[in-house]
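# Residue-level structural notes
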Amino acid sequence: MTNKRPWRNAVSLLAGALLLAGCSEDRPTQVEKMVAAAVPGAPPTAAADEAAKNASASKVSESSDLIEFTYSYPADAARIPELAEALDSDRAAKRAALIAAAERAKAAAEKNDHPYRPHSHRQTWQRVTNTPRFLSLSAEIDTYTGGAHGMEVFDTLLWDRGRRKRMKPLDLFESSAAFDAAVREAFCAGIKRAKAAKGIAAAEAPDSPFAKCPPASAQTVWIGSSDGRYLDRLTIAIAPYEVGPYAEGSYRINVPITGAVAKVVKDEFARNIMPINQP
């Protein structure tokens, strides 16, 4: 059956295409069009959910002698006009900043008779979960601005449908300090297990810059759901250099939302959180 509804993100995609003249933008798939035709901001149907989970409804890619740039976000985000507009603006700002920095670096390299390597920014937003109230997204960002290697960092986003507002997962909690205290034991133990899985012993020497377990709130927090209704799980993404040298790479530490964590959730969000059952 032909979908007669227009692609809901057509306006933002057109603006991105005009701004990024010469760039290539992937067209939405038929599955993404079906998802986009649903009620704006509502979770997709179960049948389309898995297929649309990480499909890129909006993706811009550009490659030249100056830069390599990729920025995408999924259909779930494209279905929310305000969020799609914000992501399009972020994409344009990231591209402009990359070009400006690359032009300066290239001019300096030519002046000093040094080779120039294209600067890059690759950012992919993916859905963590989609509940009746919240859309939770995670972003993995790879950048290169010269030097021996690039850098991997992360970002997070929580869209509150009730207030039509962009948030961070930590905004659900009373304070960063309260959140840190509630997750510290599980978070720090998770880091040790993740290091052990890589065959790395946790640094314990007092003078080591990596001996101390960092605050979880200083990392990137992603919040998810196991049933599509309530938020009940956390993943804390740790970029290189935070808990070990660059060679160790990044870490993703899964932390359950226990009763102790649920207790430091703000009252207005308490009914959206479901702590796990502990023995």
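Looking at an unreviewed UniProt entry, one finds the chain named Deacetylase PdaC domain-containing protein and attributed to Sphingopyxis alaskensis.

## Description of the sheet that holds strand E9 (residues 233-238)
In spatial order, the strands read E8-E9-E10; together these three strands make up an open sheet with antiparallel pairing. Two strands bound the open sheet, and with one partner strand each, they are strand E8 (220-224) and strand E10 (251-256). On average, each strand axis in the sheet is tilted by 25° relative to the strand beside it, whichever way the strands run. Sheet topology note: the E8/E9 ladder contains five bridges and is antiparallel. Each bridged residue has a counterpart across the sheet, and for Val-221 the counterpart in E9 is Ile-236. Along the sheet, helix H6 (residues 176-197) makes contact with E8, E9 and E10, crossing E10 at roughly 130°.

## Examining the state of the cysteines
Throughout the structure, instances matching the rule amount to one disulfide. There is a disulfide in this structure between Cys-188 and Cys-213, and the S-S distance comes to 2.1 Å. Between Cys-188 and Cys-213, the disulfide has an S-S torsion of -95° and is therefore left-handed. Placement of the pair is Cys-188 in helix H6 and Cys-213 in the loop between H6 and E8, with a sequence separation of 25 residues.

## With respect to the pairing of strand E6 (residues 151-160)
In terms of burial, E6 is a largely internal element, eight of the 10 residues being buried. When strand E5 (residues 134-144) meets E6, the two strands line up antiparallel, connected through 10 bridges. Bridge pairing in E6 links Ile-141 to Val-153. Here three bridges tie E6 to strand E7 (residues 165-167), and the two strands are oriented antiparallel to one another.

## Considerations on unusual backbone geometry
Of note in the backbone geometry, Asp-113 takes a positive phi value of approximately 60° without being a glycine. By relative accessible area, which is 70% here, Asp-113 ends up exposed. A positive phi angle, near 80°, is found at Tyr-241, a position not held by glycine. The residue Tyr-241 is located in the loop between E9 and E10 in this model.

## Focus: the side chain of Arg-127
With respect to the element layout, Arg-127 can be found in strand E4 (residues 119-130). On the basis of relative accessibility, which here comes to 8%, the residue Arg-127 falls in the buried class. A distance of 3.1 Å separates polar atoms of two side chains, one belonging to Arg-127 and the other to Asp-76.

Criteria and thresholds
- Residue positions are counted from 1 within each chain, in the order its sequence is given.
- Owing to the predicted nature of the model, reporting of local features is limited to residues with pLDDT of at least 70; listing and counting of side-chain atom pairs is limited to 80 or more, with chain, interface and lining totals taken over all residues.
- With hydrogens and water stripped out, all remaining heavy atoms of the structure feed into the side-chain values.
- Here, strands pair whenever DSSP counts at least two bridges between them.
- A run of DSSP states H or I qualifies as a helix once it reaches four residues; a run of E qualifies as a strand once it reaches two. Both are numbered from the N-terminal end.
- Every axis corresponds to a line fitted to the C-alpha atoms, with the helix fit spanning only the stretch in contact, and the corresponding angles, defined between N-to-C directions, vary from 0 to 180 degrees.
- Residues count as neighbours in contact if any of their non-hydrogen atoms are within 4.5 Å of one another.
- A pair of cysteine sulfur atoms is labelled a disulfide when the two atoms are within 2.5 Å.
- The classification of residues rests on relative accessible area computed with a 1.4 Å probe and restricted to protein chains. Under 20% of the type maximum is buried, over 50% is exposed, and intermediate values are partly exposed.
- Any pair of N or O atoms that falls within 3.5 Å is considered a polar contact. Within protein, one atom must be able to donate a hydrogen and the other to accept it, and sequence-neighbouring residues count only if both atoms are side-chain atoms.

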